[in-house]
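# A structural walkthrough
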Amino acid sequence: MGKETHIEGYSEIAQRTFSDRKRTNILKRAEQLTIVFLLPKVPQFISPNVLTLIGTFGSALVFLAFVLGTYLAKWYLLLGIIGLGINWLGDSLDGRLAYYRNIPRRWYGFALDIIADWIGIVLIGFGYYIYAENGTQIVAFAFVALYGWSIIITQLRYKITNEYNIDSGFVGPTELRFIIVFILIIEVLFPGSITYLAGLITIILLIINIIDSLKLLKLGDLKDKNQD
């Protein structure tokens, strides 16, 4: 009985807090379970806006990790792992907390989330730009540009399908954070490897964006035909 009640409680909370978006990422189940577990534990004085600010602070911490890694010691890059964890906490719980507390501001939250995501990725990209060796800063620029492209794709898909999905297939923001964590750890152990790994991730992101853009154009074409 206790287990069944727990499952029913999870389903009820999950339905309410994730009703505004569709997730397809690999870590979807684990991520949603963690969020549902954390939501009731968020102190009442912490609002969704405060969580958004906390998430941005996490991105700033990643930026700081790159700066300290550049001018002091490479092991400071590990500070970025903490920053990414804080970023996930704020970014993943802010909108979910609003739905959990039944105080959603759909369009305000939507706009704020996009703005915060963009500020966060610029901070991380700029941090890597400072850390990158001469001639490889272009990778940082490309990463930020491609991430911005993926944000645009998400908004256009929402406009066409009226379904908000922040994932590209099995990969979403959470998976990307894990990839960056892996890159930071490998760079501390094997200095210089970040150039190749970041370059590889940038190429993969380019391929994903091209595929998603083609799918988006097909969706737009299909919607046009259905409206004729």
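The model shown is predicted, which means the values in this text are computed figures rather than measured ones.

### Describing a nonpolar patch on the surface
Together, Trp 75, Leu 78, Ile 185, Leu 189 and Phe 190 make up a nonpolar patch on the protein surface, roughly 530 Å² of accessible area in all. Relative to the helices and strands, Trp 75 resides in the loop between α3 (48-71) and α4 (79-100).

### A short note on helix α6 (residues 137-161)
With 25 residues, α6 ought to run about 36 Å at 1.5 Å a step, and its terminal C-alpha atoms sit 37 Å apart, in line with that. Of the residues one or two after α6, Asn 162 is the one with positive phi, at around 60°.

### Here we look at the pattern of salt bridges
Within the structure shown, the criterion is met by four salt bridges. Arg 157 is paired through a salt bridge with Asp 212; the nearest N and O atoms lie 4.0 Å apart. In this pair, Arg 157 is assigned in helix α6 and Asp 212 in helix α8 (residues 193-227), connecting sequence segments 55 residues apart. The class of Asp 212 is buried, set by a relative accessible area of 10%.

### Describing the packing of helix α2 (residues 28-38) against α4
Between α2 and α4, the shortest axis-to-axis distance is 11 Å and the interhelical angle comes to 70°. It follows from the interaxial angle that α2 and α4 lie roughly perpendicular. Only Trp 88, Leu 89, Ser 92, Leu 93 and Arg 96 of α4 make contact with α2, whose side of the interface consists of Glu 31, Thr 34, Ile 35 and Leu 38. Of the residues belonging to the contact of α2 with α4, the class tally is five nonpolar, two polar and two charged.

### So, the environment of Ala 98
As for its placement among the helices and strands, Ala 98 is situated in helix α4. A residue is classified by how much of its surface remains accessible, and Ala 98, at 8% relative accessible area, is buried. Sequence-wise, Ala 98 and Gly 125 are 27 residues apart; in three dimensions their C-alpha atoms are separated by 29 Å.

### What about helix α7 (residues 173-189)?
In an α-helix, one full turn covers 3.6 residues, which means residues spaced three or four apart are oriented alike. For α7, spanning 17 residues, the distance from its first C-alpha to its last is 25 Å, which sits close to the expected 24 Å at 1.5 Å a residue. Within α7, burial applies to Pro 173, Thr 174, Glu 175, Leu 176, Arg 177, Ile 180, Val 181, Ile 183, Leu 184, Ile 186 and Glu 187. Tucked inside the fold, the buried residues of α7 contact α2, α3, α4, α5 (106-131), α6 and α8.

### Some details on the confidence of the model for the protein chain
Keep in mind that low pLDDT regions are not for reading the predicted coordinates in detail. In this model, the protein chain carries an average pLDDT of 88, and 92% of its residues clear a pLDDT of 70 or more. Confidence scores differ between elements of the protein chain, with helix α1 (residues 2-17) showing the lowest mean pLDDT of 57 and α3 the highest of 96. With pLDDT under 50 throughout, residues 1-8 is counted as low confidence; its partners more than four residues away or in other chains account for zero contacts.

The rules behind these values
Per chain, residues are indexed from 1 in the order of the written sequence. Per-residue local features are limited, in this predicted model, to residues with pLDDT of at least 70; the limit for side-chain atom pairs, both in listing and counting, is 80 or more; totals at the level of whole chains, interfaces and linings are taken over all residues. In computing side-chain properties, one takes all heavy atoms of the structure into account and sets aside hydrogens as well as water. For patch detection, residues must exceed 30% relative accessible area and be free of salt bridges, and they are connected within 9 Å for like charges or within 5 Å for nonpolar side chains (Val, Leu, Ile, Met, Phe, Trp, Tyr). Calculation of accessible area relied on Shrake-Rupley with a 1.4 Å probe; when residues are assessed, cover is drawn exclusively from the protein chains displayed. Every case where a carboxyl oxygen of Asp or Glu lies within 4 Å of a side-chain nitrogen of Lys or Arg is listed as a salt bridge. Helical segments are the DSSP runs of H or I of at least four residues, strand segments are the runs of E of at least two, and each set is numbered from the N terminus. Here the expected span of a helix is defined as 1.5 Å times the quantity of residues minus one. Each residue is placed in one exposure class: buried if its accessible area under a 1.4 Å probe, protein chains only, is under 20% of its type's maximum, exposed if it is over 50%, and partly exposed if it falls in between. The convention used is that axes are lines fitted to C-alpha atoms, helices contributing only their stretch in contact, and that angles between N-to-C directions extend from 0 to 180 degrees. Any angle that falls under 35 degrees is termed roughly parallel, while one over 145 is termed roughly antiparallel, one within 65 to 115 roughly perpendicular, and all others oblique. Note on contacts: a residue pair qualifies if any of its non-hydrogen atoms lie within 4.5 Å across the two residues. Each residue is assigned to one class: nonpolar for Ala, Val, Leu, Ile, Met, Phe, Trp, Tyr, Cys and Pro, charged for Asp, Glu, Lys and Arg, and polar for all the others, Gly among them. Here pLDDT means the predictor's own confidence in every residue, given as a number from 0 to 100.

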